[in-house]
Amino acid sequence: MFLWLVVAFFVDGIDGPLARRFEVEKNAPEFDGKLMDLIIDYLTYVFVPAYALFKSGLLPGWTGWISIIVITFASAMYFADTRMKTKDCSFSGFPGCWNMVVLVLFALSPNFWIILAIVMVLAVAMFVPLKFIHPVRTERWRAVSLPVALAWTFFAGWAAWVDFHPQSWAHWGLIATSLYLLFAGIAQQLIPARTRPLKAG
C-alpha cells in the first residue's frame, strides 16, 4: 500500500504540468480536472493513510477512532477551503499530506501519545496562517525543494520496500527530508525574499 502511495505522491507532482502541457481543459472540457485532482488527493493523501493508521495497531482503542475522525473531517474542511492556496502557489495551512505523515510514523513507530499529539497539532495547523511549500509549484527555493521532495520519495520507497526495518538508513533520510518539507514554508515567512533593484533609465 505504501509503495503505491509513494507512486501516487510522485504522480501528483507531475500531473498538473502534464495536464497543462496537453491542454486538457481544451481537449477534454467535459471533465473538471481540478475537482478530479481534489478527489484523488483526498483518497490517497487522507482517507487511505488515515485508515491505515487506524488499523495499524499504533493507536490503541479510542485513540485510533479519534485520529481517523479528526484526520478525515479536518481534511475535508481544508480541501473545501477556497483560501488553501497562496499567491506563490504554496499552501496556507498544513496541506493534508497525511500519506507522508503516516508513512514516517510507520517507519519510526513512536509512542501512541506522540502519534496522537502529532495528529492533533497538524490538524490544527491546517487552519492557521502558516505557509507550506509545494515542491514543484512554489518557485522560491525550488532548486532545493524539488530535489528534497524527490529524495523523500526515494527514502519513502526504500523504507516501505524493507518493510520499515528499524535499522534502515532510509529512516534518517525520511526524517531529514520531512523536516525540510514541513518547515521550509514557515522559514520563507520568517525570511523575507530579496527584491531585485530596479534598473535606472
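Position numbers for residues count from 1 along each chain, tracking the sequence in the order it is written. With pLDDT at 70 or above as the cut-off, local features in this predicted model cover only qualifying residues; side-chain atom pairs require 80 or more to be listed or tallied, and sums for whole chains, interfaces and linings still use all residues. The basis for the side-chain values is all heavy atoms of the structure; hydrogens and waters are excluded.

Let us look at the overall build of the protein chain. Per the secondary structure count, the protein chain includes eight helices and two strands. Starting at the N terminus and walking to the C terminus, you meet the elements of the protein chain as α-α-α-α-β-α-α-β-α-α. By the compact-globule yardstick of 17 Å for 201 residues, the protein chain fits well, its C-alpha radius of gyration being 18 Å. Here the C-alpha coordinates of the protein chain stretch approximately 70 × 40 × 30 Å along the principal axes. Within the protein chain, buried positions represent 41% of all 201 residues. The long-range fraction of contacts in the protein chain, counting pairs at least 24 apart against all pairs at least 6 apart in sequence, stands at 76%. Of the roughly 12400 Å² of accessible surface on the protein chain, a fraction of 71% belongs to carbon and sulfur atoms. When charges are tallied, Lys and Arg are placed among the positive residues and Asp and Glu among the negative ones, while His and the ends of the chain are skipped. To locate a charge, the coordinates of NZ of Lys, CZ of Arg, CG of Asp or CD of Glu are taken. Across the protein chain, the mean location of the 15 positive side-chain charges is 11 Å away from that of the 12 negative side-chain charges. Numbering goes from the N terminus for both helices and strands, where a helix is a DSSP run of H or I of at least four residues and a strand is a run of E of at least two. In this description the radius of gyration comes from C-alpha coordinates, and the expected globular size is given by 2.2 Å times residues to the power 0.38. Burial classes follow relative accessibility: with a 1.4 Å probe on protein chains only, a residue under 20% of its type's maximum area counts as buried, one over 50% as exposed, and anything between as partly exposed. Only heavy atoms matter for contacts: two residues are in contact if any of them lie within 4.5 Å across the pair. Surface exposure here means Shrake-Rupley accessible area, sampled with a 1.4 Å probe, where a residue is shielded only by the protein chains that are shown.

Relative to the elements of secondary structure, Ser90 occurs in the loop between helix H4 (62–79) and strand E1 (91–92). Accessibility expressed as a relative area gives 0% for Ser90, which makes it buried. Under the rule applied, a polar contact is a pair of N or O atoms within 3.5 Å (in protein, one hydrogen donor and one hydrogen acceptor; residues adjacent in sequence only if both atoms are side-chain atoms). At a separation of 3.1 Å, a polar atom in the side chain of Ser90 contacts the side chain of Asp88. Those residues in contact with Ser90 that lie beyond four places of it in its chain are Met84, Lys85, Lys131, Phe132, Ile133, His134 and Thr138.

Below, the discussion takes up helix H6 (residues 112–125). Working note: α-helix, 3.6 residues per turn, so residues spaced by three or four point in the same direction. Under the convention used throughout, the expected extent of a helix is 1.5 Å for every residue step, that is, one less than its residue count. Over its 14 residues, H6 extends 20 Å from the first C-alpha to the last, a length consistent with the 20 Å expected when each residue adds 1.5 Å. Along H6, the residues that are buried comprise Ile115, Leu116, Val119, Leu122, Ala123 and Ala125. On its buried side, H6 packs onto helix H3 (33–55), H4, helix H5 (98–108), strand E2 (131–132) and helix H8 (170–190). Capping of H6 at its N-terminal end is provided by Asn111; its side-chain oxygen lies 2.8 Å from the backbone amide nitrogen of Trp113.

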